[in-house]
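# Fold and contact review
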Amino acid sequence: MDFLQRRGHLYKWILIAFILFLGFIFSALAAFQKKIKSPIINSEYVHYSQGTVIDSLYIQEINTNLILKQNNNTFIEIQIQEELAYPSLKIFSNNNFIGQIDTKDIYFFDCKETHLNDIKIIDPIKNKIIFTTVQ
Amino acid sequence: MGVGYKIIDWNSQKKKYDFVILIGIILYLIIFISLHFIFYQNITFETLLIRSTGSLALLMLHIILIIGPLSRFIPQAKILLYNRRHLGVSMFFISAIHGVFSIIQYHGGGNKNPFISLFTSNTDYFSFANFPFMVLGFISLIILFFMAVTSHDFWLNKLSPKVWKKLHQFVYIAYVLLIFHVLLGTLQNEKSILGFIILGIGAIIVCSFHIAAGLKNRKDEKLKFKRERNDQFVFVAKKNDIENNKAKLITFKGISVAVYKKDDNFYAVDNFCKHQGGPLSEGKIIDGCITCPWHGWQYQPEDGKSPPPFEEEVKTYEIKIEGEEVWAKIVK
């Protein structure tokens, strides 16, 4: 192992420490900003075996996995494990409001009238679509 | 000092080491799972598995990274260094369980290939709060995979020590990626700052140890040798200043040499072990051979060669004794 390689160990770890320091600062700021503006949701996905899966998506905003399934009835299924910190996330199908999620429960939204063509989940605080099946 | 592919040469030390690793893993999982059942009654099995293995793998990586510099300060810690690769491979298996179940849990339910979903479900690379942190975890898992599969000495010889060492230094990149994986992932949704604090303490400890070891290296290599002669001999020490079967390190014009004393005879060899560059000056003479403190590789002090049937060799330097003084001729 040559002299320079040995010396480089110190500089390498100073650089690593600096990068990690910046990472901690920025991610802490991001998490703090997220907390004051968004609901605290720790939701877990429950996977069901029946039905044909249409799409599977991990939604980071609400920390959940969403699976759209089509059976005889088309439905969306979301499980929320903690109380939302603010009013509900609204669920739309083909631009028709079909329900909302606002408490600790498992939700089934039956879309058989509208079919699973266009599902949106709206964050009413940010007024932002956080999930949609429309590509 | 393997020259061909052999299964692990189990000895009592390795068995004890692996037993301790196994007990540690089991204890951690029991404590982690118990605490989660107390504080998160609704947690699912899959989430518990993902969290427990992820946190365990990260903890193991911190321990692995601390062992190296720790052994520079506490000689007794060298025993942890000898079979550190066992810890590394175990850590890879734990992190692989975490990775596989995470991919299945979050990307395996749809009609997209899970690996495509991993890279396409979230492409918000310009956001800290919504960064696709899973990709960071995946890349670090790939790095750890290559390190695990090349951890055997067979690959050290096949790839050459230099290439092998460079490959295994990718662990530093994997470490940074994993810290960011946690910072930008699960910690973004945690209610308390406890996670940040714990992770921060871990990172500080690892970085501090490595920086301290780097500073110690610099100090050792900056030793000034005030006495040098025209015949290229430099003063090493007085005969009694070197303990029997131990060495004194001297560095002269960038060349580091370990000067050993064995039964009132003195021998000078290159300081860096041919295996992984371990500091021979910090070893000792065992069974008549200079023994590297990192992994036990040996060299005969008289000629620098490893005892048969091994073929490794370190450079030797001429020694001259003048009265009570030991001098070494250090030339490239």
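A brief look at the structure comes next. This one's a predicted model, so the numbers in the text were calculated from it and none came from an experiment.

## Focus: the overall build of chain B
Looking only at helices and strands, chain B features 10 helices and 9 strands. For chain B, long-range pairs separated by at least 24 residues make up 56% of all intrachain contacts whose partners lie at least 6 apart in sequence. As displayed, chain B has an accessible area near 16,800 Å², and 65% of this comes from carbon and sulfur atoms.

## With respect to helix α1 (residues 12-39) of chain B
The terminal C-alpha atoms of α1(B) lie 41 Å apart, and with 28 residues this matches the ideal 40 Å at 1.5 Å per residue to within 8%. Every buried residue belonging to α1(B) is among B:K14, B:Y17, B:D18, B:I21, B:I25, B:F32 and B:H36, and all of these are buried.

## Here's the deal with the pairing of strand β2 (residues 247-252) of chain B
On a regular strand, one side chain projects to one face of the sheet and the next to the other, so that they alternate. Residue and element names in this part refer to chain B. One ladder, built from 6 bridges, connects β2 with strand β3 (residues 255-262); its direction is antiparallel. Within β3, the position partnered with T251 by the bridge is S256. Where β2 hands over to β3, the hairpin turn is made up of 2 residues, of which K253 adopts a positive phi near 50 degrees.

## Observations regarding the nonpolar core
Ranked by size, the top nonpolar core spans 69 residues in total, and within it A:W13, A:L20, B:M60, B:L65, B:Y175, B:L199 and B:L280 carry the most contacts. Counting residues per element, the ones that place at least two in this core are α1 (3-37) of chain A together with α1, α2 (45-73), α4 (84-107), α6 (133-149), α9 (171-183), α10 (194-221) and β3 of chain B. Each residue touching B:L65, except ones within four places of it in the same chain, is listed here: A:W13, B:V171, B:Y172, B:Y175, B:V206 and B:H210. Of all hydrophobic cores here, the second largest spans 15 residues; its members include B:I255, B:V257, B:A268 and B:A328.

## A closer look at the packing of aromatic side chains
All names here are of chain B. Scanning the model with the defined rule gives 11 aromatic pairs over all chains in all. Considering the side-chain rings of Y125 and F131, the 5.5 Å spacing of their centres and the 90 degrees angle between planes classify their relative orientation as edge-to-face. Given a relative accessible area of 36%, Y125 falls into the partly exposed group.

## So, the side chain of B:N83
With respect to the element layout, B:N83 can be found in the loop between α3 (78-82) and α4. Setting aside anything within four residues of it in sequence, one finds B:N83 in contact with B:Q13, B:K14 and B:Y17.

## Some thoughts on the pattern of salt bridges
Residue and element names in this part refer to chain B. Inspection of the entire model under this criterion finds 4 salt bridges over all chains. Of the charged contacts in the structure, one is a salt bridge between K262 and E302, with a shortest N-O distance of 3.0 Å. With K262 in strand β3 and E302 in the loop between β7 (298-299) and β8 (316-322), this pair connects stretches of sequence that are 40 residues apart. Residue classification places K262 among the buried residues on the basis of a relative accessible area of 16%.

## What to know about a nonpolar patch on the surface
A surface patch of nonpolar side chains, amounting to about 830 Å² of accessible area, comprises A:L15, A:F18, A:I19, A:F21, A:L22, A:I25, A:F26, A:L29 and B:F128. Its place among the elements puts A:L29 in helix α1. A:L29 gets classed as exposed once you look at its relative accessible area, which sits at 52%.

## Section: unusual backbone geometry
Residue and element names in this part refer to chain B. Omega for the bond connecting P308 with P309 falls within 30 degrees of zero, at 10 degrees, which places this linkage in the cis form. Among the structural elements, P309 can be located in the loop between β7 and β8. For N245, which is not a glycine, the phi torsion comes out positive at approximately 70 degrees. Counting through the fold element by element, N245 comes out in the loop between β1 (233-238) and β2. By relative accessible area, N245 is classed as partly exposed at 26%.

## Overview of the sheet that holds β8(B)
Residues and elements named next belong to chain B. The 6 strands lie next to each other as β1-β9-β8-β4-β3-β2, forming an open sheet whose pairing is antiparallel. Two strands bound the open sheet, and with one partner strand each, they are β1 and β2. Averaged over all pairs of adjacent strands, the angle between strand axes in this sheet comes to 30 degrees, irrespective of strand direction. Pairing between strand β4 (residues 265-270) and β8: 2 bridges, direction antiparallel. Looking at β8, one finds that V269 is bridged to T316.

## Quick word on the side chain of B:S140
All names here are of chain B. Take S140: it is sitting in helix α6. Residue S140 is classed as buried on the basis of its relative accessible area of 1%. In terms of polar contacts, S140 uses its side chain to reach the backbone carbonyl oxygen of G137, at 2.8 Å. Those residues in contact with S140, other than ones at most four positions away along the chain, are A174, L177 and L178.

## Focus: α9(B)
Residues and elements named next belong to chain B. The end-to-end C-alpha distance of α9 is 18 Å, a good match for the 18 Å that 13 residues give at a rise of 1.5 Å each. Counting buried positions along α9 yields 12 of 13 residues, so the element is predominantly enclosed. For α9, the complete set of buried residues consists of V171, Y172, A174, Y175, V176, L177, L178, I179, F180, H181, V182 and L183.

## Some remarks on the sheet that holds β7(B)
Strand order in the open sheet formed by 3 strands is β5-β6-β7 (chain B), with antiparallel pairing between adjacent strands. Whereas interior strands pair on both sides, the edge strands pair on one side only; in this sheet they are β5 (284-286) and β7 of chain B.

## A word on the packing of α2(B) against α4(B)
Residues and elements named next belong to chain B. Contact geometry of α2 with α4 gives a least axis separation of 8 Å together with a crossing angle of 150 degrees. By the angle between their axes, α2 is roughly antiparallel relative to α4. Here α2 and α4 pass one another in a crossing that is left-handed. Considering only residue class, the contact of α2 with α4 consists of 15 nonpolar, 10 polar and 2 charged.

Here is what the cut-offs are and how they apply
Residues numbered from 1 in each chain as written. Chains lettered and ligands numbered in written order. Predicted model: local features only at pLDDT ≥ 70, side-chain atom pairs only at ≥ 80, totals over all residues. Heavy atoms only, no water. Helix = DSSP H or I, 4+ residues; strand = E, 2+ residues; numbered from the N terminus. Contact = heavy atoms within 4.5 Å. Areas by Shrake-Rupley, 256 points an atom, 1.4 Å probe, with all protein chains shown as cover. Expected span 1.5 Å × (residues − 1). Buried < 20%, exposed > 50% of the residue type's maximum accessible area, 1.4 Å probe, protein only. Pairing = 2+ DSSP bridges. Core = buried A, V, L, I, M, F, W, Y, C linked by side-chain atoms within 4.5 Å. Phe/Tyr/Trp six-rings, centres within 6.5 Å; stacked < 30°, edge-to-face > 60°. Salt bridge = Lys/Arg side-chain N within 4 Å of Asp/Glu carboxyl O. Patch = residues over 30% accessible without salt bridge, like charges linked within 9 Å, V, L, I, M, F, W, Y side chains within 5 Å. Axes fitted to C-alpha atoms, helices over the stretch in contact; angles between N-to-C directions. Polar contact = N/O pair within 3.5 Å; in protein donor to acceptor, adjacent residues only side chain to side chain. Parallel < 35°, antiparallel > 145°, perpendicular 65-115°, else oblique. Left-handed = near helix turned anticlockwise from the far one by under 90°. Nonpolar A, V, L, I, M, F, W, Y, C, P; charged D, E, K, R; others polar.

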